[in-house]
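Here is how the chains run, residue by residue.
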Amino acid sequence: MDAQLQVITFLRLVMITLVPYVLAAQGTMLGGRTGVFSVAQEGIMLVAASVGFLAAYYLGGLLYGVLAAMLVGGIVGLLLAYFTTTLKMDQFVIGLALFFATAGFSSLAYKVAIGVTLIPPLIPTLPDVPLPVLSQLPLVGDIFFRHNVFVYLAIVLSLVLYVLLYRTGIGLELRAVGESPLAADSLGVNVTLMRYVTTVVGGMLMGLAGVYLPMAYTGTFTEDIVRGRGWLSIALTFFGGWNPHFILLGAFFFAGVEVLAFRAQVTNVGIPYQFLLMLPYLATILVMIPGFRWARVPAFLGRNYDREKRAQV
Amino acid sequence: MTAPLVEMRHIHKRFGDVVALEDVHFELQAGEIHGLLGGNGAGKTTLMNILYGLYTADRGEIHVRGQRVLIHSPRDALHLGIGMVHQHFLQVAPFTVVENIALGTLPRLGGKKHVRAAADRIQALAQQFGLAVDPHAVVEDLPVGVRQRVEILKALYRGADVLILDEPTTNLTPQEVDALFQSLRAMVAQGLSVIFITHKIREVMAVCDRVTVLREGRNVFTRSRAETREEDLVRGMVGEQLDVQHSFLFSGRPQETEHTAGAPLIQVHDLTVLGDNNVPAVQGCTFTVREGEILGIAGVAGNGQTELAEALMGIRPIAQGEVTINGYRVRVGSTRHLLARDVAYIPEDRLEDGYLPAASVAHNLILGYHRRPPYSRGSFLDWPAVFQAAWRLIKEYNIRTAGPTEIAANLSGGNIQRLMLARAFAHPFRVLIAHNPTRGLDIPSTEFVYRKLLEARARGAAILLISEDLDELLLLCDRIGTLYRGQLMGILDRPAFDKYRIGEMMAGVAATQA
Amino acid sequence: MVVTQASPPRLSRWLMAALPYVAAVVISFLAAGVFIAVMGFNVLRAYETILFTSFRTPNGFIQTLLKFVPLTLQALAFTVPLAAGKFNIGGEGQMIVGAIGATAVGILFAGAPGVLLLPSVLLASVLAGALWAAIPGWLLYRFGINEILSTVLMNFVSFQLINYVATEIWPDPAAGHPTTVPIGEGALLPLLIRRPPLHLGFLLTIVVAVLVYIYVTRTVYGYELVATGANPRAAQVYGIPVQVLSVLALVLGGAMAGLAGGVEVAGIHRRLIEGLQSNYLTLGILAGLIAKGRVVAVPFVAFFLSVLEVGASAMQRTMMIPGEMVIIVEAFIVLFILLSEVIRRR
């Protein structure tokens, strides 16, 4: 392979690989911006991958799988919102409980529906949709504009979220809820509704991130399909400073490391492959060192708002 | 008189087991400044939070302009023209002034041009009422006085004609208080009506047309100022709870004969401390507190008081200079050694800095003293001894709890405050560093603290009293120093105490220039 | 303000405390029963299998105790840091690394006598687990990095590490699965009961649990741990070195998770096998959450979950109901117990 082709292939793979990171991290960011900190990403991605795969397999269409994944992600988001925002229970404990429940449910659902088989059932993977005109551009066309729809979705979504958050009245209200819900509430902003909407939509995005894995990579569901991408997306959210645009940029790094690790494995660089496979996690731990320093975390992140609570003190 | 602008009838409210308001009435006439007077825990803020829709009353009705109304949220209150300025400003710190003020009024999907329009309106309002602000400044960078203007503008921006101000003079210099009172009169002249929540009788007499007094969640009386004497207000606020004749709070510190200060116990030399943003919050402070002396530190909140207290207690690093307390050279991490050397600390925010909600009452009572006998021997805790002490303190300080094993989170606010007082005063101290020790206390507890401080002084303790309540300092201190932007503007002796002079120092005029 | 309503008498308070647990278990089982019925299985038989497999045969009971050992250690590895307000989700990696440490010593000094080798093997597992947890602890202390993230990421690193050790360093070519050669005879844990075999690790676990209980509830260090968890800011203001304590709690948790790995190697597998950590982390965290972080309750909850676990694998074997069912039930128990807290607050 000549160098130019190598670079194009690498960048193409990065574009494909960044999708689940972007989707899950934007979902995390969205909930976090109103104060709800989910730690159930890994579980939601698993259950969405499983249920989404099953829906696509049995109903015979990827769109069904996508819808099912969004539905199940939204349901888990709704549960998280209910337990934290309405019942005011500890966000980390609820997040962990939901993580275990969803992770358990993902393999349960698969085993009940499919059972143990020698040859796994397959669904078709997502087709590439070259964009008219743009995909004809030299270099850039191949790298950016010949991808499945999820790639475009991840990019567009990030830009839309940026505009929504920083250029609209509703974005201002949303950010206010995550900084000072009492201030927002005292000016008539519906704090509860905001937290519910962002957590449910956030769950849907994590669901999309999960179902992307069988649809883009493997064509089937396995129990280790997510491999920590849910947890990594939390790190990405911090790395991106809880800003949609920086999350998108940071995702290039996360995806780049993942692609690098796999390519190095294939090309046999003399390092045992196990150490290459550690790379994404070690790199993430390393970038969290500056990441946690510069991230300006929403002030109310991880806490629950109770309008009348102050009175007891 | 015409029908009242606002009328609240038979208001009941409880939080858990605690009755906050019982059958309370309140009415506001158009064009008046109506004082709502009472000690902490009297229910003033709760009543007004109900009017503003932040709390929901358990029973009772609200009438506005003669109409019965249901107020479920601040949104409803704002629609009725009711705005409220809370004591703790409800602001989004990293947002700009215009973002804070216009929050919730901008079109959902509207963009920058609406923000610009809002900024123009804010400028106009600011000029009309003499409340100068820069709409594009970030709120967390602004001094407290300006943040209060932002808070008032928030209400005016929404067209409020009823303005509720909750303890608005907290953290203002005496000069700023005068200016605020002038603005209030200007607002009333322009057709607004004001509800003025306070626990200071002097303020009622200075600015209010009428006053309603609350005590323990009940009405005491409502009268016009013209026919009210200060003594009536004192008696109304405290009821039979307190012997007013012998109260420091209402009759002042007794004159003592000869006062001889002893050996220096707190020595601070050229102290510089960095704030959270790594900018010096305390700069070049030098002072000494001797045996049998109370040194007060005055200043508007946020001028380095917290950093000063924390550096002295070894909680925050000392960037430069020397601190010696009770013969011990303080460094960051010295806290436990200081506590072991009979240095006591009452932190500013007792709920954040002193209270363990998820642990038991007993755990709370021994925090900081847990390594001392009788509570522990060597590495092991002596729980029977801890429980014994805990039962004693529970009785002595009248803490309502099922016992030492109850989880502290179950306690009511007043009981938590008494728990904190019990811990602070149960263990004898030679040196006390107290930061706003009476904030949030009801009148008897405040009186109790004052008594304890003066007792400790009499037996030779050295006390550094950092307070944002100037009246408290004037009452208790032998000397008062004033902090402004982390610098000590000068220390005045008791004969030289003058409220307005200290006020000037709080605003940055050094003692020599004043 | 006036306080009304006295607190209820003692006995009914005990009942009130027990009620939510019973209710949570019953409701979770009912919910699972509905699900099992919908899948078309015999609900009663499933319940019976889950609850009574442990008690029907000596073998079943010993199986339960053998699960109890790593599960309790994992639960403590989660609970002790939780007392200080820190979430250790890295027990899996700490157990794996502990197992690697134990195996390394057990293979390298295979010829050493048991009196020396066994303690060294266990000590190696404890140190390795502690070290693995010290990394997130240091990152937390030095850079303020969220420990949930760093501990969990360390798990994924350890998966590769165990694979490397079992396939590259001391591989057993005869095994079809990444496995090392056996450790020395002297490294094996003596048996408490011969048939069915129960190793000394059971006793060791009980001792560890008792020591942890004493540490947390009876010593000033335990007091400081609890104060840190209750309000780290207040603890710091009153002279407790909270940052050091948080790191220490994580390291202590890592040590116990590491010991779990060592015990599995020295007591069960006698070698390093990829996947030996099983799902003990999940079970341990669930046990810690169900115990609501109370150290005294942890061994009992861990025993209950061991019963369910043995029952679940029997159910999977005999009735073909996937064992994950039980994890979901346990997660529901956590939710319902927390829910009862909310109800009581009202």
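Note that the structure is a prediction, hence the values are computed from the model and not measured.

Visitor: How do you make sense of the overall build of chain B when you look at a structure like this?
Guide: A count of helical and extended segments in chain B gives 18 helices and 22 strands. The C-alpha radius of gyration computed for chain B amounts to 24 Å, which stays within 12% of the reference 24 Å derived for 514 residues, consistent with globular compactness. In terms of principal-axis extent, the alpha carbons of chain B reach across some 70 × 50 × 50 Å. In chain B, which comprises 514 residues, the share counted as buried stands at 58%. A separation threshold of at least 6 residues defines the contact pool for chain B, and within that pool the share at least 24 residues apart is 66%. A total of about 20,600 Å² of accessible surface is found on chain B, and carbon and sulfur atoms cover 49% of it. Looking at chain B, you have 54 positive and 57 negative side-chain charges, and the mean spots of the two groups are 3 Å apart.

Visitor: How should I be thinking about the environment of Ala174(C) in this particular structure?
Guide: Mapped onto the elements, Ala174(C) comes out in the loop between α6 (147-169) and β2 (191-193). As a C-alpha pair, Ala174(C) and Phe300(C) span 126 residues in sequence and 40 Å in three-dimensional space.

Visitor: Honestly, the interface of chain A and chain C in this entry has me stumped. Any pointers?
Guide: You'll often see interface size given as the accessible area lost when the parts meet. Every contact between the two is made by 43 residues of chain A and, on the other side, 43 residues of chain C. Taken together, both faces of the contact between chain A and chain C bury some 3,700 Å²; the carbon and sulfur share is 83%. Considering only the side of chain A, the residues that lose the most area to chain C are Phe100(A), Leu108(A) and Trp231(A), jointly responsible for 17% of the buried surface there. Taken together, the elements giving at least two residues each to the side of chain A that touches chain C come down to α3 (62-86), α4 (91-113), α10 (229-239) and α12 (273-294) of chain A. Here the side of chain A that touches chain C is built from residues that sort into 30 nonpolar, 6 polar and 7 charged.

Visitor: Sorry if this is basic, but what is going on with the sheet that holds strand β14 (residues 320-325) of chain B here?
Guide: Adjacent strands of a sheet form backbone hydrogen bonds with each other and so pair up, either parallel or antiparallel. Residues and elements named next belong to chain B. Spatially, 4 strands are ordered β12-β11-β14-β15 in an open sheet, and the strand pairing comes out antiparallel. Both outer strands of the open sheet, β12 (280-290) and β15 (328-329), are each paired with one neighbouring strand and no more. Of the strand pairs in this sheet, β14 and β15 are connected by 2 bridges, and their pairing is antiparallel. Its bridge partner lying in β15, Ile325 is registered against Tyr328. The strands touched by helix α10 (residues 305-312) are β11 (264-274), β12 and β14; relative to β11, the strand with the most contacts, the crossing angle is about 125°.

Visitor: What exactly am I supposed to notice about the pairing of β14(B) here?
Guide: Two faces belong to every sheet, and in a regular strand the side chains alternate between them. Residue and element names in this part refer to chain B. Of the strand pairs in this sheet, β11 and β14 are connected by 5 bridges, and their pairing is antiparallel. Bridging from a neighbouring strand, His269 pairs with Glu322 of β14. Between the antiparallel neighbours β14 and β15 lie 2 residues, among them Asn326 with a positive phi of about 50°.

Visitor: Before we go on, may I ask you to explain the state of the cysteines in this structure?
Guide: Chemically, a disulfide is nothing more than a covalent bond linking the sulfur atoms of two cysteines. Residues and elements named next belong to chain B. A full pass over the atoms with the stated rule returns 0 disulfides over all chains. Cys285 supplies the cysteine sulfur nearest to Cys477, a cysteine that is in no disulfide, at a spacing of 16 Å. Residue classification places Cys477 among the buried residues on the basis of a relative accessible area of 0%.

Visitor: Explanation requested: the environment of Ala3(B) in the structure shown.
Guide: Residues and elements named next belong to chain B. Secondary-structure assignment places Ala3 in the segment before β1 (6-15). Residue classification places Ala3 among the exposed residues on the basis of a relative accessible area of 58%. For the pair Ala3 and Ser73, spaced 70 residues apart in sequence, the C-alpha to C-alpha distance is 25 Å.

Visitor: For this particular structure, what's the right way to read the domain arrangement of chain C?
Guide: Residue and element names in this part refer to chain C. For chain C, the assigned domains are domain 1 (1-41 + 321-346) and domain 2 (58-319). Buried surface at the junction of domain 1 and domain 2, both sides included, amounts to about 1,400 Å², of which 74% is carbon and sulfur. The largest contributions to the domain 1 side of the interface with domain 2 come from Ile321, Glu330 and Val334, which together make up 36% of the buried area. The interface formed by domain 1 and domain 2 holds 0 salt bridges in total. Of all the secondary-structure elements, those providing two or more residues to the side of domain 1 that touches domain 2 are α1 (10-38) and α13 (324-345).

Visitor: Can you help me understand the pattern of salt bridges in this one?
Guide: Pairs can form between side chains of opposite charge once their charged atoms are near each other. Within the structure shown, the criterion is met by 38 salt bridges over all chains. For Arg146(A), the salt bridge is made with Asp142(A), and the minimal N-O distance between the two is 3.0 Å. On the basis of relative accessible area, Arg146(A) is assigned to the partly exposed category, the value being 27%. Among the residues examined, Asp142(A) registers a relative accessible area of 30% and is labelled partly exposed. Beyond isolated ion pairs, a larger network of salt bridges with shared partners links Asp276(B), Glu310(B), Arg316(B), Asp353(B) and Arg233(C).

Visitor: Would you mind showing me how to read the side chain of Ser246(C) here?
Guide: Note that Ser246(C) resides in helix α10 (residues 242-269). Discounting residues that sit within four places of it in the chain, Ser246(C) has contacts with Lys86(C), Leu140(C) and Thr228(C).

Visitor: Just checking my understanding: could you explain the domain arrangement of chain B for this structure?
Guide: Residues and elements named next belong to chain B. For chain B, the assigned domains read domain 1 (6-244) and domain 2 (264-506). A separation of 31 Å is found between the C-alpha centroids of domain 1 and domain 2. Facing 17 residues of domain 1, the contacting portion of domain 2 comprises 19 residues. By the criterion of area lost to domain 2, the three top residues of domain 1 are Asn40, Asn171 and Pro174, representing 34% of everything that side buries. Scanning the region where domain 1 abuts domain 2 turns up 3 salt bridges. When the shortest N-O distance is used, the salt bridge between Asp469 and Lys200 registers 3.4 Å.

The rules we used
Residues numbered from 1 in each chain as written. Chains lettered and ligands numbered in written order. Predicted model: local features only at pLDDT ≥ 70, side-chain atom pairs only at ≥ 80, totals over all residues. Heavy atoms only, no water. Helix = DSSP H or I, 4+ residues; strand = E, 2+ residues; numbered from the N terminus. Rg over C-alpha atoms; globule rule 2.2 N^0.38 Å. Buried < 20%, exposed > 50% of the residue type's maximum accessible area, 1.4 Å probe, protein only. Contact = heavy atoms within 4.5 Å. Areas by Shrake-Rupley, 256 points an atom, 1.4 Å probe, with all protein chains shown as cover. Lys, Arg positive; Asp, Glu negative; His and termini not counted. Charge placed at Lys NZ, Arg CZ, Asp CG, Glu CD. Buried area = accessible area lost by both parts, 1.4 Å probe. Nonpolar A, V, L, I, M, F, W, Y, C, P; charged D, E, K, R; others polar. Pairing = 2+ DSSP bridges. Axes fitted to C-alpha atoms, helices over the stretch in contact; angles between N-to-C directions. Disulfide = S-S within 2.5 Å. Domains from an automatic or database assignment. Salt bridge = Lys/Arg side-chain N within 4 Å of Asp/Glu carboxyl O.

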